[in-house]
Amino acid sequence: MSLRHRRSQPPAGAFPLSSAQRAIWFAQQLAPEVPVCIAQYVDLRGTPDLDLLRRCGYRAGAEFQSAYLRVVEVDGDPYQYVDPSVADSNKIPLLDFRDEPDPMAAAHEWMTADYATPVDLATDPLVNMTLLQVADDRFLWYARIHHVALDGFAAVTMVNRIGALYTA
């Protein structure tokens, strides 16, 4: 983590990382080029209401708060805090792969590249969702989540919550 992201005082409302989060944070400090993330996608058939899906994603992110986490270093110790402005800067984009010779292969290649890209815990969103269109009636709802924000079980729980909000 660069010196410009270190602070002498934690931001208001900041709290220490859990022991599991702290271990992940230290691992990331030792090997910042290695992404410590999970990624998943849901294959959506038909024509979903993408604006509704986005709104449900933002709402679930606000409920879980993990989607809005920021990590800062204070005197060598990591702290986390909820930053709702992350939602403003991290819109859920739609990428269209329909013009590719093999849209599914191109979408998988994009997801693999995104998953393999290291995340800067101090500046990058810890949760990234993207919609990928691979056919007129087929979308992939992709999420990449840094392990300091959510583990695999919590990530699936968040996807289930977004699905519940969407169907409600």
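See the structure above.
Quick caveat: nothing in here was measured; it's all calculated off a predicted structure.

### A few points about the side chain of Asp83
Here Asp83 shows up in the loop between strand 5 (77-82) and helix 3 (86-89). The exposure class assigned to Asp83 is buried, which follows from its relative accessible area of 16%. A distance of 3.4 Å separates polar atoms of two side chains, one belonging to Asp83 and the other to Arg70. Sequence-distant contacts of Asp83, that is, excluding residues within four places in its chain, are made with Tyr68 and Arg70.

### Some points on the nonpolar core
Residues Leu126, Trp141, Ile145 and Ile162 are the most contacted members of the largest nonpolar core, which totals 36 residues. Put simply, the parts of the chain that give this core at least two residues each are helix 1 (19-30), strand 3 (37-45), helix 2 (50-64), strand 4 (69-74), strand 7 (127-135), strand 8 (138-146) and helix 5 (152-167). Among the elements that make up this core, the one with the highest residue count is helix 5 (six residues). If sequence neighbours within four positions are ignored, Leu126 has contacts with Leu69, Val71, Val119, Leu121, Arg144, Ile145, His146, Val148 and Ala149. The next biggest cluster of nonpolar side chains, apart from the first, holds nine residues, and it includes Met104, Ala106, Met111 and Leu140.

### With respect to the pattern of salt bridges
Applying the stated criterion to the full structure yields ten salt bridges. Between Glu63 and Arg59 there is a salt bridge; the shortest N-O distance is 3.1 Å. Remark: Arg59 and Glu63 occur in helix 2; sequence separation between them is four residues, near one turn of the helix. For Arg59, a relative accessible area of 48% corresponds to the partly exposed category. Salt-bridge contacts for Arg98 lead to Asp136; the nearest nitrogen and oxygen are separated by 2.9 Å. Of this pair, Arg98 sits in the loop between strand 6 (94-96) and helix 4 (103-116) while Asp136 sits in the loop between strand 7 and strand 8, and the two are 38 residues apart along the sequence.

### Some remarks on unusual backbone geometry
Notably, Gln65 is not glycine yet its phi reads approximately 65 degrees, a positive angle. Tracing the chain through its elements places Gln65 in the loop between helix 2 and strand 4. Classification of Gln65 as partly exposed rests on a relative accessible area of 41%. Positive phi values are uncommon outside glycine, yet Asp75 reaches one of about 50 degrees. Assessed through its relative accessible area of 64%, Asp75 is described here as exposed.

### Observations concerning the environment of Leu30
For Leu30, the position within the fold is in helix 1. Note: C-alpha distance between Leu30 and Leu165 (135 residues apart in sequence) is 39 Å.

### Observations concerning the packing of aromatic side chains
Counted by the stated rule, this structure contains two aromatic pairs. Relative to Phe26, the ring of Trp25 has its centre 4.9 Å away and its plane inclined at 70 degrees; by these criteria the two rings are edge-to-face. Among the residues examined, Trp25 registers a relative accessible area of 3% and is labelled buried. When the ring of Trp110 is compared with that of Tyr142, the centres are 5.5 Å apart and the planes differ by 80 degrees; the resulting orientation is edge-to-face.

### Quick word on the side chain of Gln21
Position of Gln21 among the secondary structure elements: in helix 1. Polar contacts involving the side chain of Gln21 include one to the main-chain amide nitrogen of Ser18, which spans 2.8 Å. Those residues within four positions of Gln21 in sequence are excluded, and the remaining contacts are Leu69, Gln80 and Val148.

Procedures and definitions
Residues numbered from 1 in each chain as written. Predicted model: local features only at pLDDT ≥ 70, side-chain atom pairs only at ≥ 80, totals over all residues. Heavy atoms only, no water. Helix = DSSP H or I, 4+ residues; strand = E, 2+ residues; numbered from the N terminus. Buried < 20%, exposed > 50% of the residue type's maximum accessible area, 1.4 Å probe, protein only. Polar contact = N/O pair within 3.5 Å; in protein donor to acceptor, adjacent residues only side chain to side chain. Contact = heavy atoms within 4.5 Å. Core = buried A, V, L, I, M, F, W, Y, C linked by side-chain atoms within 4.5 Å. Salt bridge = Lys/Arg side-chain N within 4 Å of Asp/Glu carboxyl O. Phe/Tyr/Trp six-rings, centres within 6.5 Å; stacked < 30°, edge-to-face > 60°.

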